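Coordinate inspection notes
Listed below are the residues making up each chain.
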Amino acid sequence: MLRIDVNPQDLAVSRFAISPASETCRALDILSGYRSDSALKSWSSRTRDRFKDLCRRIPQVRALASLGQTSGYHPDFLAPPPTSPHETFDSQLTAMRATPVSQARTELHRAIAERTRPMSPDVLAIIRAPDAVARLGVGLEMAWCELIEPEWPVIHAILEQDLLHRAGRLLAFGWAEAVEDLSPRVRWSAYEEGGSIEVEVPWEQRSPSDGTGLLFIPTIFGALAFSTDPPWHRAVVYPSRGRAVLGNQRADSGCDALSKLISRTRAELLEAMHQPVTTTQLTRQHQRSLGNVGYHLSVLRKSGLITSSRNGQVVLYRRTSLGDALIAANDASRR
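Note that the coordinates shown come from a computational prediction; the quantities given were computed from them, not determined experimentally. (Residues numbered from 1 in each chain as written. Predicted model: local features only at pLDDT ≥ 70, side-chain atom pairs only at ≥ 80, totals over all residues. Heavy atoms only, no water.)

Here's the deal with the overall build of the protein chain
Counting its secondary structure elements, the protein chain contains 16 helices and ten strands. For 335 residues, the compact-globule estimate of 2.2 N^0.38 gives 20 Å, and the C-alpha radius of gyration of the protein chain, at 21 Å, lies within 12% of that figure. Taken along the three principal axes of its C-alpha coordinates, the protein chain extends 60 × 55 × 35 Å. Looking at the 335 residues of the protein chain, the share that counts as buried comes to 50%. Here the analysis covers contacts within the protein chain between residues at least 6 apart in sequence; of these, 69% occur between residues at least 24 apart. Carbon and sulfur atoms make up 53% of the accessible area of the protein chain, which amounts to about 15,500 Å² in all. Positive and negative charge centroids in the protein chain, built from 40 and 36 side chains respectively, lie 6 Å apart. (Helix = DSSP H or I, 4+ residues; strand = E, 2+ residues; numbered from the N terminus. Rg over C-alpha atoms; globule rule 2.2 N^0.38 Å. Buried < 20%, exposed > 50% of the residue type's maximum accessible area, 1.4 Å probe, protein only. Contact = heavy atoms within 4.5 Å. Areas by Shrake-Rupley, 256 points an atom, 1.4 Å probe, with all protein chains shown as cover. Lys, Arg positive; Asp, Glu negative; His and termini not counted. Charge placed at Lys NZ, Arg CZ, Asp CG, Glu CD.)

Dropping the structure here:
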């Protein structure tokens, strides 16, 4: 059992954030075949050839992918803790390249020691090189530029939607509901001066509270994970809701029955509303103009398929029961 203790000060300053560097590293696990995810099958299929070509051309990418092919420890310095939902890849890459050599060597040595499968000699040469941080930084930047950045607007919109959902649960229902909703393996244990996030793992570990709070980081490409080792900020990485949206970006979507009924664009927007979304999130996810999305939302709302409500300065759109029924029927027709 892993227990992550939090005190009232931790609870007050905990926050949600998005990590472009972490998504890049975790995507390599999927593309290398180390992990599979049925929700991302079509994304993997259309991206894997680019990944293989990148590994042939850039050995640092192959080394980075090899570090992720383990059920044990993964070096934390490769994806420094993000600071906000709008963290940039460049800022994380700068922080990664500034990692002290001693810290990087310690983490890389541990990653090698805990592996259950051997690394190739060329990969080990990169990881053990005196300038390993710089070399892995090259691999991280190339993987980001060629594999993740082209689809980042969609990826970021999906992650941002999840943050909105989690923050809403936290405000409405408290920490127990917000934490236990992350995974069946996670539960919240409250006590008088705070609480603990308890995770079912095959080892015993306790992470004491330090008053700096927790980072909650959604991921499209990864499984449930935790970072509790100093000097890094304590973090909980969890699978994002709506991950299948990325995998469902397919060329034949215009042939769906629902697309023929209400148009492809409106069908895509309606399908994206598996949880409340804003106009801005939809424009990023579908790479359309604000005016175009606003027009189609107006038609969907007048047709009774969606409804809108204001939350402070933000207008949220969500499907009605009629909209849900259309999506369910369309999904059934695809099978």
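That covers the picture; the talk isn't over yet.
Some details on the pattern of salt bridges
As enumerated under the stated definition, the model contains 17 salt bridges in all. Asp53 is paired through a salt bridge with Arg56; the nearest N and O atoms lie 3.8 Å apart. Taken together, the residues span about one helical turn, with Asp53 and Arg56 both in helix H3 (residues 41-57) at a distance of three residues. Judged by its relative accessible area of 62%, Arg56 is exposed. When the shortest N-O distance is used, the salt bridge between Arg319 and Asp324 registers 2.7 Å. On the accessibility criterion, Arg319 (16% relative accessible area) is buried. One network of salt bridges, in which partners are shared, links Arg3, Arg187, Glu198 and Glu204. (Salt bridge = Lys/Arg side-chain N within 4 Å of Asp/Glu carboxyl O.)

Quick look at the side chain of Gln60
Inspection of the secondary structure puts Gln60 in helix H4 (residues 59-68). Of the residues examined, Gln60 reaches a relative accessible area of 17% and is grouped as buried. Dropping the residues within four chain positions of it, Gln60 is found in contact with Ile126, Arg135, Leu136, Val138 and Gly139.

Thoughts on the packing of aromatic side chains
Applying the stated rule across the entire model yields four aromatic pairs. Both rings, one in Phe16 and one in Phe216, keep their centres 5.4 Å apart while their planes meet at 35 degrees; by these two values the pair is tilted. Of this pair, Phe16 sits in strand E2 (residues 15-16) while Phe216 sits in strand E6 (residues 215-219); the two residues are 200 residues apart in sequence, bridging distant segments of the chain. When its relative accessible area of 18% is taken as the criterion, Phe16 is described as buried. Both rings, one in Trp144 and one in Trp152, keep their centres 5.3 Å apart while their planes meet at 65 degrees; by these two values the pair is edge-to-face. A relative accessible area of 13% places Trp152 in the buried class. Through successive ring pairs, a cluster of aromatic residues spans Phe89, Trp144 and Trp152. Of note, Arg110 hangs over the ring of Tyr73, and the distance from its end group to the ring centre comes to 3.9 Å. (Phe/Tyr/Trp six-rings, centres within 6.5 Å; stacked < 30°, edge-to-face > 60°. Lys NZ or Arg CZ within 6 Å of the ring centre and 35° of its normal.)

Details of the nonpolar core
Ranked by internal contacts, the top residues of the largest apolar core, which has 68 residues, are Phe77, Leu136, Ile148, Ile197, Phe216, Phe221 and Leu246. In terms of residues, this core owes the most to one element, helix H8 (residues 132-148), which gives eight residues. (Core = buried A, V, L, I, M, F, W, Y, C linked by side-chain atoms within 4.5 Å.)

Observations concerning the sheet that holds strand E3 (residues 186-191)
The four strands lie next to each other as E3-E4-E1-E5, forming an open sheet whose pairing is mixed. Only two strands of the sheet have a single partner each, and these edge strands are E3 and strand E5 (205-207). Neighbour to neighbour, the strand axes of the sheet diverge by 20 degrees on average, direction disregarded. As judged from the six bridges shared by E3 and strand E4 (residues 194-199), these two strands associate in the antiparallel manner. When the sheet's bridge partners are listed, Arg187 is paired in E4 with Glu198. (Pairing = 2+ DSSP bridges. Axes fitted to C-alpha atoms, helices over the stretch in contact; angles between N-to-C directions.)

Some remarks on the side chain of Gln103
Within the fold, Gln103 resides in helix H6 (residues 101-113). Only 2.6 Å separates the side chain of Gln103 from the side chain of Glu107, close enough to count as a polar contact. Not counting residues within four places of it along the chain, the set of residues in contact with Gln103 comprises Pro230, Pro231 and Trp232. (Polar contact = N/O pair within 3.5 Å; in protein donor to acceptor, adjacent residues only side chain to side chain.)

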